[in-house]
Amino acid sequence: MQGWVTLALLLSLGVECSLGQNGVGELPVPRGLTLNPDLPAQTLSLTWQSDSSLFDLEIFHTELMNVVLNETVAVKTDPVTGLHSWTWHSPLPLECTSHSAHIRARNQQSVSQWSPLQTIPGSDIPEKSESNMFPQDKVVPVGSNMTFCCIVKEKEDFKEIMYGRQEMSATRLSRRTYAITATNQPVSGNTGTNVICCSQRLTLTGAVVFVGYPPGDEGLVCETRDLASAECSWKKGRDTGLRMRRSRTKYTLNGRDCLEANERKRWWCSSKAWEQSWTLVARNPLGTVQLTDSAQLTDRVHLLAPVNVTAVEVKAWSATLQWSWSVAAYKKLEMVCQLQLFAHELNSTRNYSGPGLSSVVLESLWPDVDYTVTLYCGSKHGFWKWGDKSAPYRIHTKMDRPDALDVWMWMDSSNTGRVFWKPLSVRKSHGALVGYEVSQSSAEEDGWTPVSLPPGNFSYPIILNNGSDITVAVAARNPAGLSQPSTVTTPAYRADSQLSMSELLSTNGSFVLSWQPNANASSGYAVEWVPTGCSGLCPVDWKKVPESDSSFTLNSDSLVAGVRYTVSVYALSTGAPTLLQRWQGYSQEMTPSQSVRELLPNQSGSDVLLSWKATAMENQRGFIRGYTIYLANAAHLELIANISDPEVQSYRVKGLSLSSYKFVVKAYTSAGEDAGATVAIKMEMDTADMLFVGILVPLGIMFCCLILISICCYKKREWVKKAFYPEIPGPKVPGDWSSPQGPLDVKPSPHSLVHIVESPEWDFTKEGLFPVPEEEEESENDNIEVDADSDEPALLRYYNQVVGDGSHGNQVSDSSGSSNTSVDSTQTEITYAGIQSPTSSQGACGGGGYRPQMQSVIGPAEPQIEFEADFQDDGLHAGYKPQCSWQLDSPEAENFSGSLGSPTSVTSSQFLIPESSEEKPQPSNTWFHNFLSGKS
Amino acid sequence: MEGAADSDTPVPERSAADRAAALARLLHRDCTRLLELYKEREDFLSQHAPGGERLVTLALCPEAPSTAEQVGHVRSALRRCMELLECLIVREVEEMGEELQGEYESLRKTVKDRLGHLLHSTGALLENGEGGCPPSPPMQCIQGQDEVEASDSFAAKIWTYKVLLELIHWTDSASQTLHVFHTEKHGQQQQQQLL
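As the structure is a prediction and not an experimental result, all values here were calculated from the model.

Regarding the overall build of chain A
Moving on, step 1. Looking only at helices and strands, chain A features 11 helices and 59 strands.
Moving on, step 2. Residue burial in chain A is summarised as follows: out of 936 residues, 44% are buried.
Moving on, step 3. Considering only intrachain contacts with a sequence separation of at least 6, the fraction spanning at least 24 residues in chain A is 64%.
Moving on, step 4. As displayed, chain A has an accessible area near 48,600 Å², and 52% of this comes from carbon and sulfur atoms.

Re the confidence of the model for chain A
All names here are of chain A.
Moving on, step 1. A residue-level look at chain A finds 74% of positions with pLDDT of 70 or above and a mean pLDDT of 78.
Moving on, step 2. Counted against residues more than four places away or in other chains, residues 1–24, with its pLDDT under 50, gives 7 contacts.
Moving on, step 3. In the model, residues 748–928 has pLDDT below 50 throughout and makes 330 contacts with residues more than four positions away in sequence or in other chains.

Brief notes about the interface of chain A and chain B
Moving on, step 1. Listed by partner, the interface residues are 24 residues for chain A and 22 residues for chain B.
Moving on, step 2. Counting each side, the surface lost to burial between chain A and chain B is near 2,000 Å², with a carbon and sulfur contribution of 46%.
Moving on, step 3. A per-residue breakdown of the area chain A buries against chain B is headed by Thr191, Thr203 and Arg245 of chain A, which together make up 26% of the total.
Moving on, step 4. For the pair chain A and chain B, the number of links is 2 salt bridges.
Moving on, step 5. For Arg165 of chain A, the salt bridge is made with Asp43 of chain B, and the minimal N-O distance between the two is 2.4 Å.
Moving on, step 6. Here chain A is connected to chain B by 12 residue pairs in polar contact (both at pLDDT 80 or more).

Some details on the state of the cysteines
All names here are of chain A.
Moving on, step 1. Overall, the coordinates contain 6 disulfides over all chains when judged by the stated rule.
Moving on, step 2. Bridging Cys258 to Cys269, the disulfide has an S-S length of 1.4 Å. Handedness here is read from the sign of the S-S torsion; for Cys258 and Cys269, about -130°, the answer is left-handed. Of this pair, Cys258 sits in the loop between β21 (256–257) and α2 (259–262) while Cys269 is found in strand β22 (residues 268–271), placing the two residues 11 residues apart along the sequence.
Moving on, step 3. Taking relative accessible area as the criterion, Cys258 reaches 1% and is therefore assigned buried.
Moving on, step 4. For Cys269, a relative accessible area of 2% gives the class buried.
Moving on, step 5. Cysteine Cys198 shares no disulfide, and the gap to the nearest cysteine sulfur, in Cys197, comes to 6.6 Å.

Overview of the packing of helix α1 (residues 16–41) of chain B against helix α5 (residues 153–194) of chain B
Residues and elements named next belong to chain B.
Moving on, step 1. Interaxial distance between α1 and α5 falls to 8 Å at its minimum, and their mutual angle equals 160°. One finds that α1 runs roughly antiparallel with respect to α5. Between α1 and α5 the crossing geometry is left-handed.
Moving on, step 2. The residue inventory of the contact of α1 with α5, partitioned by class, reads 17 nonpolar, 7 polar and 5 charged.

Some remarks on the layout of surface pockets
Moving on, step 1. Considered as a void within the structure, the second largest pocket measures approximately 1,100 Å³ in volume.
Moving on, step 2. Forming the walls of the second largest pocket are 45 residues, and the residues nearest its centre are Phe154, Ala155, Ala156, Ile158 and Trp159 of chain B.
Moving on, step 3. Looking at the lining of the second largest pocket, the elements with two or more residues in it are β17 (203–212) of chain A together with α1, α3 (67–96) and α5 of chain B.
Moving on, step 4. Considering every element that reaches the lining of the second largest pocket, the biggest residue donor is α5 of chain B, with 9 residues.
Moving on, step 5. Residue classes in the lining of the second largest pocket are distributed as 17 nonpolar, 13 polar and 15 charged.

Cut-offs applied
- Residues numbered from 1 in each chain as written.
- Chains lettered and ligands numbered in written order.
- Predicted model: local features only at pLDDT ≥ 70, side-chain atom pairs only at ≥ 80, totals over all residues.
- Heavy atoms only, no water.
- Helix = DSSP H or I, 4+ residues; strand = E, 2+ residues; numbered from the N terminus.
- Buried < 20%, exposed > 50% of the residue type's maximum accessible area, 1.4 Å probe, protein only.
- Contact = heavy atoms within 4.5 Å.
- Areas by Shrake-Rupley, 256 points an atom, 1.4 Å probe, with all protein chains shown as cover.
- pLDDT = per-residue confidence, 0-100.
- Buried area = accessible area lost by both parts, 1.4 Å probe.
- Salt bridge = Lys/Arg side-chain N within 4 Å of Asp/Glu carboxyl O.
- Polar contact = N/O pair within 3.5 Å; in protein donor to acceptor, adjacent residues only side chain to side chain.
- Disulfide = S-S within 2.5 Å.
- Axes fitted to C-alpha atoms, helices over the stretch in contact; angles between N-to-C directions.
- Parallel < 35°, antiparallel > 145°, perpendicular 65-115°, else oblique.
- Left-handed = near helix turned anticlockwise from the far one by under 90°.
- Nonpolar A, V, L, I, M, F, W, Y, C, P; charged D, E, K, R; others polar.
- 1 Å grid on protein atoms, 1.4 Å probe; cavity = no way out; pocket = protein on both sides within 12 Å on 5 of 7 lines; lining within 4 Å.
- Points joined across faces, edges and corners; volume = space filled by probe spheres on them.

Dropping the structure here:
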């Protein structure tokens, strides 16, 4: 008994000890663990049998026993199979290396023992010695992460793994396996992204991954073209980036493959029969898109284009168009068609409707116009969209007669004028014009006188005879015929000067005209505008206004800025137009293009009167509002006046001093001043003042001075005579010379020529002096030398008494030595070419003797030399030489052309030979001597 | 074609061997350019040259003592290259569709056409078809291979690269062999003329 107890204790202790060691003794180990890998999906399914529902799982990379999963999961028994099943998605391709797994049951804190390890072999086992990379050709979405592994060939080294061009950091998983993880993958190129595993020498292996997007298609729409079948189209949406065949998007429409889209030709699918609803499924490895559409057939009719479009009847104003349909079912379809007519400035769109429409009449066409017609139709009931357009079809309408012309007549004088008409537009000419016909008639003449004009003419001159009105009719002609004539009667000529015209102000470059309605304007009004002052072929323009209107806006398009227009309004009736009102104005005023004309300054004392004329009207370019006058200084213009009255065309500038001035006159309009005209003036004294001050006053003063001097000299003549004209002392000569005994015969010095010209009154038989013959002279007086050069042996005598007469105008001869004789003189003139000293030829002056006229003789060459020698000698001797020194001081020492008063002139022998023997001073001037003598 | 002369200018008549040699040289340049274009598309080929077996070898063919027999062997290799090129085109078109029409696709077609001309002209040179020897390994182009799940795009790229290498190699061999063949023929003709 005691033995059994001991055994029981030992067994209980053994159990407790066993429980204390494991703690799991009560939980059974899961049985039958199997691993089922899904390699493309990178999943591993584990199945086992167990009564528990909570399990611990561990998965390893077998070779290095790295734990890649350690997780507790609750897995219920599959009621069908009675197995537990759990799937693990591996981030690493299962081929990369061998994976092992075991499992144990868990209940709260107690667990069972681990089941035996189960292993699935990788591709890195020794039996598979070649290089490999996993996964291959995987298609993944953009931005995903992905792990690649490279299994290196046996006995081969590993260098790197490249993802595209990017070198990746590799992790070793087993002896031959290396792995990388690419994160946030970008979209691939056309042929995918290459992942390359390299050794040191070469490329070992690689894989291609295709990174893209799921389908992005949208907007499925189905319609019918033939009222039976269906065509469904959609928008492709975002590019998936997957171009390889295996990864392209595949399409099905209502479960049927869409061949057109799958062949990547176009994004639509066709179906032979219409169905009420449509479902398009677009699928690629990354996703699926499902598009739906639902509609009745009649609501989705998209007609085909009309064919065989032709114009069966073309007229000037209409044409009939026909076409046919390629689908017979259209003939019963109620449809609406739209025609587009294209022509130059004549585009239009017209709608027509009817069942099976195949013909329309095009109304309201324009003659002689090329139209291009395009036609398309749609279902009238449940209109879906316009059908395809037909091919363009060309229609050329026929010509028609032109419309009536717009005619106006403008009179430029009381007898002459010109009829104008406006060119017809394409819409109104209805065909190319070939000319115009102008006819005129007057009250005095019966019938019309037609004139044909070429199409380029738009006016025709009119001449009024006897002042009677003329009615002119103008019509245009084209190949289709003549237009209705337009008539106009000559309006009465009214010159601008005859009217009181108001100034017309523009508004934004336009003239807004208004006038009093006129009862006579049965045909409305005509507004005429023409450049003011124009003559000849003027650009006359006009606009006819209905009689209901009494205002008109003349737009700036018809006007030229800076041009003055005369705008007239006429009342139109059956007769001649009646002028109602006339204005003048500028659509836009500008500064004058030219300055004022004829700007003239006129000095009046210290004032200057500026006057000018306005520039021509065509140059004014605006209403002249006034003038500004400037004084031009060196650098700027100083405004001195602003004349706001344009009629004032002069201005007086007052109070100017004697100087030069420059004035600028500018005309101004509302737009501003012109460049200005400039005039300069130099202020001068008055003519009378200048004559008085400049001429008469000096003359008067001089005259008075002369009189005073003359009076003084006369009163004091004795004193003057003593002071300036002392008595010449008589010559001191040996012998008794004081009182001559008789006539003194003087024999001229052989070095001088002395001509004594006797007055004709005395002896007209002798024309000059007669030198004394040498023989006689020698015989009578040895002191007198004979002139050897003289060929006339006349006796030369010196008469001292001759001086007593006092009226001799003797002149000294020139250097020729010959004397000039004044035949007018009533006395004998004595011209001394040189008077030899009475003593000897060896210098009377040098010897201190009297040689009164030795300096006045210039003889022929040789005598001249001698004379000069003597003269020089004279200068060396002191003594009385009353005329030697005078001659030396004379600036005209060598000019002996005799003049009264010349130092060389000897008027009288009175001074040469004094009346008394006393020495007296030689008079310095002959006229002065005469003056003092009271002789003229 | 290269060497085409002005019709108005009389030129010495070129022999068929000479023309074939010229065509082979032209084709060699085309194939070289084609490989460059392929490397531009698959740039990893420029960085790491893949290794592996040759696609076309004449290892099992007997040695060719005569030049004519060598021409025959080269022609056999070119025929294999032609088969490979056609298979390559089919696979690429199937894989990529006909949307891509760049210089590579255009030159690829040109190479195929000129290779056909070269095969025809070399065949005409060989009177009795001497030297013909089927190359190894045997060729089997599996159309629709890309439909198989386990298909390998990277392997296909490597295969395409090898095909282009074979084209370059064998067109170069053809130009050299045909040049020798032309030289020998020309020498024999001159000797016959001398005799």
